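# Coordinates in review
Each chain, letter by letter, is given below.
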Amino acid sequence: MAERSQTVPEAGNDIGNDDAIGGNVNKYMVFPNGYCGQPKKGHLVFDACFESGNLGRVDQVSEFEYDLFIRPDTCNPRFRVWFNFTVENVKESQRVIFNIVNFSKTKSLYRDGMAPMVKSTSRPKWQRLPPKNVYYYRCPDHRKNYVMSFAFCFDREEDTYQFAYCYPYTYTRFQHYLDSLQKRNMDYFFREQLGQSVQRQLELLTITSPDNLREGAEQKVVFITGRVHPGETPSSFVCQGIIDFLVSQHPIARVLREHLVFKIAPMLNPDGVYLGNYRCSLMGFDLNRHWLDPSPWVHPTLHGVKQLIIQMYNDPKTSLEFYIDIHAHSTMMNGFMYGNIFEDEERFQRQSIFPKLLCQNAEDFSYSSTSFNRDAVKAGTGRRFLGGLLDHTSYCYTLEVSFYSYIIGGTTAAVPYTEEAYMKLGRNVARTFLDYYRLNSLVEKVAVPMPRLRRKEKTPPSKHPLLRGLASSYPNSKGDKKSSVNHRDPSTPF
């Protein structure tokens, strides 16, 4: 076994032992063991002191090999998954092995071909490393933790290289995106500050026709949230896909804006996102376990969203039809949903309609992976809590999407997700509301019908007698609060 070489931190960058990782490395230069000369090319410089960065410690194992330690979530040492760091001062053709040695999870998509992301200053588009260069294994040298090792060859000396667990989506990127939407002065897009986290603001978007917001107007509301777990960056891309589609001039988007009110809180944990946490807020709380009784001081963003939802639920003019919380999954492929279990069999069956329709619209969404449960450990989640609070006219889901890839029905090959593929799933989520509410005939008045993507996965067909009957009655089942118009069968193509 190679002798472990010393690392020499710059002044003020004392990393300490494995149990004392408290911050990110800051322009941390690694010298070979016993080296006393001036720094030179090939003495790698690691940095994670930037937005959403995460790397807590670096040990050089040999001339070519480095052990890297993920910084735990702030105020919570349990969660160590997200990493995002840069390397500079490289030599051309310098080959290295990086071992990320302190993952807190044992199961991982790294066992199924997932690979870290990389980009460099001259190649700013994120790419996945070749899976053949990535290994995931249990290591006796690191408390039997699971280790992810990958080999890499630096090819451009002047470049700074960045490595990440998945495509980063920062708080600043989110703010710039919202600013760009606001500058378009769309009369159906509204942005407001719903509350304040410890350090940042909680944004709430409303997308609908202005007529739906006039005083006394009845509203059918779809409420969508994302990034309650800050390291689940695919959530933001899916959410952006939903928003992009809903604010577009696509005929389907125009019809949806006329009939529905979309309330979207795209980033429930802005502090955790900014800090580079994987699961927790700045104060170390997993917010998606605190819906039962969120504190305005400790869980302020959750408290603000919950208060708004309860306010809408108590408004006789408002029908809160859907709550969808968007997440990313670290061990499963495809997009899929979690739903709730109800004693009322008819309500339980109705709940399956939306994911079945989404499965028909999105090639990467799997109904066979969708499940309905009431696990005690999930009692504090938004889906479980709101599913128990709201009445039979409301349906609550967790939408999960893989950190890695999807498998199209009828095939076995994994297709790695791209940023665009995540956003496409978001667009298909938005489109599915057209089918659910049977508004297709209204689209045909303003546009030529669009062919639906043919699915190879054998999903429960929407023409099944049970689903057809439930789908035809479901919009009218909300008639106690809202009137609704029946349109033709939801399986009809756009």
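Residues numbered from 1 in each chain as written. Predicted model: local features only at pLDDT ≥ 70, side-chain atom pairs only at ≥ 80, totals over all residues. Heavy atoms only, no water.

Along the backbone of the protein there are 11 helices and 21 strands. Counting every position in the protein, which comprises 494 residues, the buried fraction comes to 60%. By sequence separation, contacts in the protein at least 24 residues apart represent 74% of the contacts at least 6 residues apart. For the protein, the accessible area works out to roughly 20400 Å², and carbon and sulfur atoms hold 51% of it. (Helix = DSSP H or I, 4+ residues; strand = E, 2+ residues; numbered from the N terminus. Buried < 20%, exposed > 50% of the residue type's maximum accessible area, 1.4 Å probe, protein only. Contact = heavy atoms within 4.5 Å. Areas by Shrake-Rupley, 256 points an atom, 1.4 Å probe, with all protein chains shown as cover.)

Here we take up the pattern of salt bridges. Note that side chains of opposite charge can pair when their charged atoms are close. Scanning the model with the defined rule gives 11 salt bridges in all. Between Glu-88 and Lys-27 there is a salt bridge whose closest N-O contact spans 2.7 Å. Here the residue Glu-88 occupies a position in strand β5 (residues 84-88), and Lys-27 occupies one in the segment before β1 (28-29), the gap between them amounting to 61 residues. Given the relative accessible area of 21%, Glu-88 is considered partly exposed. As a salt-bridge pair, Glu-420 and Arg-427 come within 2.6 Å of each other at their nearest N and O atoms. Owing to a relative accessible area of 26%, Arg-427 belongs among the partly exposed residues under this scheme. (Salt bridge = Lys/Arg side-chain N within 4 Å of Asp/Glu carboxyl O.)

Below, the discussion takes up the pairing of strand β3 (residues 57-60). Successive side chains on a regular strand alternate, one facing one side of the sheet and the next facing the other. Taking every second residue as pointing to the same face, both faces of β3 are buried, with Arg-57 and Asp-59 on one and Val-58 and Gln-60 on the other. Strand direction decides the pairing type here: β3 and strand β4 (residues 65-69), joined by four bridges, are antiparallel. Looking across to β4, one finds that Arg-57 is bridged to Phe-69. Turn length for the β3-β4 hairpin, with the two strands adjacent in sequence and antiparallel, is four residues. (Pairing = 2+ DSSP bridges.)

Taking 1.5 Å of rise per residue, the 12 residues of helix α1 (residues 171-182) would be expected to cover 16 Å, and the 17 Å separating its terminal C-alpha atoms lies within 8% of that figure. Of all the positions in α1, only Tyr-171, Phe-174, Gln-175, Tyr-177, Leu-178 and Leu-181 are classed as buried. Buried residues of α1, viewed axially, fall in a sector of 160°; they line one side. Where α1 is buried, its residues meet β12 (189-196), β13 (201-207), α2 (234-246) and α4 (270-275). (Expected span 1.5 Å × (residues − 1). Arc of directions from axis to C-beta.)

With that settled, the discussion passes to helix α3 (residues 251-259). Of the positions making up α3, those classed as buried are Pro-251, Ile-252, Ala-253, Val-255, Leu-256 and Arg-257. Tucked inside the fold, the buried residues of α3 contact β13, α2, β15 (261-265), α9 (419-436) and α10 (440-444).

Next up on the list: the packing of α2 against α9. It is the contact of α2 with α9, at a shortest axis distance of 7 Å, that shows an interaxial angle of 50°. In terms of their interaxial angle, α2 and α9 are classed as oblique. Crossing angle aside, the handedness with which α2 passes α9 is right-handed. Between α2 and α9, the contacting residues are Pro-234, Phe-237, Val-238, Gln-240, Gly-241, Ile-242, Asp-244, Phe-245 and Leu-246 on the first element and Glu-419, Tyr-422, Met-423, Leu-425, Gly-426, Arg-427, Val-429, Ala-430 and Arg-431 on the second. The residue makeup of the contact of α2 with α9, split by class, is 11 nonpolar, three polar and four charged. (Axes fitted to C-alpha atoms, helices over the stretch in contact; angles between N-to-C directions. Parallel < 35°, antiparallel > 145°, perpendicular 65-115°, else oblique. Left-handed = near helix turned anticlockwise from the far one by under 90°. Nonpolar A, V, L, I, M, F, W, Y, C, P; charged D, E, K, R; others polar.)

It is worth spelling out the pairing of strand β17 (residues 335-340) at this point. For β17, a buried count of six out of six residues is recorded, marking the element as mostly surrounded by other parts of the structure. The side-chain alternation of β17 yields two buried faces, one formed by Gly-335, Met-337 and Gly-339 and the other by Phe-336, Tyr-338 and Asn-340. Judged from the four bridges that link them, β17 and strand β19 (residues 395-402) form a sheet pairing that is antiparallel. Looking at the pairing, Phe-336 lines up with Glu-400 of β19. Where β17 and strand β18 (residues 371-373) come together, three bridges link them in parallel fashion.

Turning to the sheet that holds strand β10 (residues 146-154), a few remarks are in order. Read across the open sheet, the five strands follow the order β3-β4-β6-β10-β9; overall the sheet is mixed. The strands lining the two open edges of the sheet, one partner per strand, are β3 and β9 (134-138). Strand-to-strand, the axes of this sheet are offset by a mean angle of 25°, without reference to chain direction.

Turning our attention to the packing of aromatic side chains. Counted according to the given criterion, the structure contains 45 aromatic pairs. On the numbers, 6.0 Å between centres and 10° between planes, the contact of Phe-31 with Tyr-35 is stacked. Arranged with centres 6.3 Å apart and planes meeting at 85°, the rings of Tyr-167 and Tyr-422 form a pair that is edge-to-face. With a gap of 255 residues between them, Tyr-167 in the loop between β11 (161-164) and α1 and Tyr-422 in helix α9 connect regions that are remote in the sequence. Exposure remark for Tyr-167: the relative accessible area of 6% places this residue in the buried category. The positively charged end of Arg-347 is found above the aromatic ring belonging to Phe-342, 3.8 Å away from the centroid. Taking the ring centre of Tyr-395 as reference, the NZ or CZ of Arg-347 above it sits at 5.9 Å. (Phe/Tyr/Trp six-rings, centres within 6.5 Å; stacked < 30°, edge-to-face > 60°. Lys NZ or Arg CZ within 6 Å of the ring centre and 35° of its normal.)

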